[in-house]
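One letter stands for each residue in the lines below.
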Amino acid sequence: MKIALITAAWKRPQLFEFFCWYWSEIAKQLNPDVQLTIYCAVSEKQSEAIASKYSVRTIFVQNDPLHKKWNAVVKLAQPDRPDYCLFMGSDDFANGTLIREYARRMALPNAAG
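Residues numbered from 1 in each chain as written. Predicted model: local features only at pLDDT ≥ 70, side-chain atom pairs only at ≥ 80, totals over all residues. Heavy atoms only, no water.

Draft legend 1. Looking closely at a nonpolar patch on the surface. Among the surface-exposed residues, F18, W21 and F93 lie close enough to one another that they form a single nonpolar patch of about 290 Å² accessible area. Residue position: F93 is located in the loop between strand 4 (84-87) and helix 4 (96-106). What makes F93 partly exposed here is its relative accessible area of 35%. (Patch = residues over 30% accessible without salt bridge, like charges linked within 9 Å, V, L, I, M, F, W, Y side chains within 5 Å. Areas by Shrake-Rupley, 256 points an atom, 1.4 Å probe, with all protein chains shown as cover. Salt bridge = Lys/Arg side-chain N within 4 Å of Asp/Glu carboxyl O. Helix = DSSP H or I, 4+ residues; strand = E, 2+ residues; numbered from the N terminus. Buried < 20%, exposed > 50% of the residue type's maximum accessible area, 1.4 Å probe, protein only.)

In structure tokens:
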């Protein structure tokens, strides 16, 4: 199952670096059962560099208006045809067990997709 983790970053580089590191580690733990790819809309070169360090796919978009940033990152993920998108703030965290449970439930015959 392919899951796109969609986020947007703005400022707070130390927290964003922890976010990128954390989710890249979760993605490694989930593989090969769940292919978790992280996509991020960034507005500063520093965030872009941090994301690159952790193989987070990025698109550079101004932060105002914010909805354009979210739309741009969704469009970035679309060509990879994820089965599901998980929207998280760049300061949100969950664990691999939760993501595996989401994937298990999404794979059920009556799951919306």
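Draft legend 2. Seen up close, the environment of A72. You can see A72 is positioned in helix 3 (residues 66-77). A residue is classified by how much of its surface remains accessible, and A72, at 15% relative accessible area, is buried. Among all residues touching A72, those that are not within four sequence positions of it are I59 and V61. (Contact = heavy atoms within 4.5 Å.)

Draft legend 3. Spotlight on the sheet that holds strand 3 (residues 57-60). Judged by pairing direction, the sheet is parallel, and its 4 strands sit side by side in the order 3-2-1-4 without closing on themselves. Of all the strands in the sheet, the pair left with one neighbour each is strand 3 and strand 4. On average, each strand axis in the sheet is inclined to that of its neighbour by 25°, with strand direction left out of account. Bridge count between strand 1 (residues 2-8) and strand 2 (residues 35-42): 7 bridges; the pairing is parallel. (Pairing = 2+ DSSP bridges. Axes fitted to C-alpha atoms, helices over the stretch in contact; angles between N-to-C directions.)

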